[in-house]
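Residues per chain, in single letters:
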Amino acid sequence: VGAARRPGAPRLAGLPAGAFGRGAGGLNGDGGKAIGRPEIELRAGGVGGVVDGGLNAVLIPRYGIVGAAAATAAGYAVYNLVEAIAIHRAVGSHPFAAATLVPLGPTLVVAVGIDALVVGPVGLSGLVGIGLVLVVVHLGSMALTGSLDESDRLLARRLDERLGTDLA
């Protein structure tokens, strides 16, 4: 980051953290739809939005744009948490079960290895290639660790029913 842009870095740091937090919880909104409960995403988004708005009202006057970024990150976290709790209550599955986290170990090791090997910009094709490698590694890791439990299979069956497919 150049010297002229350095003051803006903290202001932007909160937004990727919030987006990462939203993504880290998985596809909860899609999970709610797969189990026939699309209202979960609507309600969770509403609660997250209220938290974001309330925190913006409190944090922006004191911290400016950094407060706004923190409020948005917190809103995303609440959005995720509400979705995860609702889905867990509905089918007994949540995104942070041990079976979900175990396959992340090998994927993380490979990601760190790729990061150590890659020097300089990779471009779009390099980024897509790295992403595909990580997807394959993660899917293999899931298969090798036996990380799919009955609630995952239930979600897959319900998704199959809705799409008219057979993921098995």
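All figures in this text were calculated on a predicted structure; none of them were measured in a lab.

Remarks on the overall build of the protein
Piece 1. When its secondary structure is counted, the protein shows 8 helices and 0 strands.
Piece 2. Beginning at the N terminus, the succession of helices and strands in the protein can be written as α-α-α-α-α-α-α-α.
Piece 3. For the protein, buried positions account for 23% of its 168 residues.
Piece 4. Counting only contacts in the protein whose residues sit at least 6 apart along the sequence, the fraction spanning at least 24 positions is 69%.

As for the side chain of Asn56
Piece 1. By the element assignment, Asn56 lies in helix α3 (residues 39-63).
Piece 2. Taking relative accessible area as the criterion, Asn56 reaches 19% and is therefore assigned buried.
Piece 3. A distance of 2.8 Å separates polar atoms of two side chains, one belonging to Asn56 and the other to Asp52.

A look at the environment of Leu55
Piece 1. Within the fold, Leu55 resides in helix α3.
Piece 2. Leu55 sits in the partly exposed class, given a relative accessible area of 29%.
Piece 3. Residues Leu55 and Ala74, spaced 19 residues apart in sequence, show a C-alpha to C-alpha distance of 8.3 Å.
Piece 4. If we skip the residues at most four places from it in the chain, Leu55 touches Ile60, Ala71 and Ala74.

Some points on the environment of Leu163
Piece 1. When you line up the elements, Leu163 lands in helix α8 (residues 150-163).
Piece 2. Look at Leu163 and you get exposed, because its relative accessible area is 56%.
Piece 3. Through-space distance from the C-alpha of Leu163 to that of Ala34 is 9.4 Å; in sequence the pair is 129 residues apart.

Here we look at the packing of helix α6 (residues 104-117) against helix α7 (residues 123-145)
Piece 1. At a minimum axis distance of 8 Å, the contact between α6 and α7 shows a crossing angle of 155°. One way to sum up the angle between α6 and α7 is to call them roughly antiparallel. Two packed elements cross with a definite hand, and for α6 against α7 that hand is right-handed. Between α6 and α7, the residues in contact are Leu104, Pro106, Thr107, Val110, Ala111 and Ile114 and Ile130, Val133, Leu134, Val137, His138 and Ser141, respectively.
Piece 2. Classifying every residue of the contact of α6 with α7 by side-chain character gives 9 nonpolar, 3 polar and no charged.

Section: the pattern of salt bridges
Piece 1. In the structure shown here, the tally under the stated rule is 2 salt bridges.
Piece 2. Close ionic contact of Glu41 with Lys33 constitutes a salt bridge, the shortest N to O distance being 3.2 Å.
Piece 3. Looking at Glu41, the relative accessible area reads 23%, which means it is partly exposed.
Piece 4. Residue Glu39 pairs with Arg37 through a salt bridge whose shortest N-O separation is 2.6 Å.

Some remarks on a nonpolar patch on the surface
Piece 1. Nonpolar side chains collect at one region of the surface, where Leu117, Val118, Val122, Leu124, Leu127, Val128 and Leu132 lie side by side and expose about 690 Å² of accessible area between them.
Piece 2. Ranked by the residues each element gives to the nonpolar patch, the list is headed by α7, at 4 residues.
Piece 3. With respect to the helices, strands and loops of the structure, Val118 is situated in the loop between α6 and α7.

Criteria and thresholds
- Residues numbered from 1 in each chain as written.
- Predicted model: local features only at pLDDT ≥ 70, side-chain atom pairs only at ≥ 80, totals over all residues.
- Heavy atoms only, no water.
- Helix = DSSP H or I, 4+ residues; strand = E, 2+ residues; numbered from the N terminus.
- Buried < 20%, exposed > 50% of the residue type's maximum accessible area, 1.4 Å probe, protein only.
- Contact = heavy atoms within 4.5 Å.
- Polar contact = N/O pair within 3.5 Å; in protein donor to acceptor, adjacent residues only side chain to side chain.
- Axes fitted to C-alpha atoms, helices over the stretch in contact; angles between N-to-C directions.
- Parallel < 35°, antiparallel > 145°, perpendicular 65-115°, else oblique.
- Left-handed = near helix turned anticlockwise from the far one by under 90°.
- Nonpolar A, V, L, I, M, F, W, Y, C, P; charged D, E, K, R; others polar.
- Salt bridge = Lys/Arg side-chain N within 4 Å of Asp/Glu carboxyl O.
- Patch = residues over 30% accessible without salt bridge, like charges linked within 9 Å, V, L, I, M, F, W, Y side chains within 5 Å.
- Areas by Shrake-Rupley, 256 points an atom, 1.4 Å probe, with all protein chains shown as cover.

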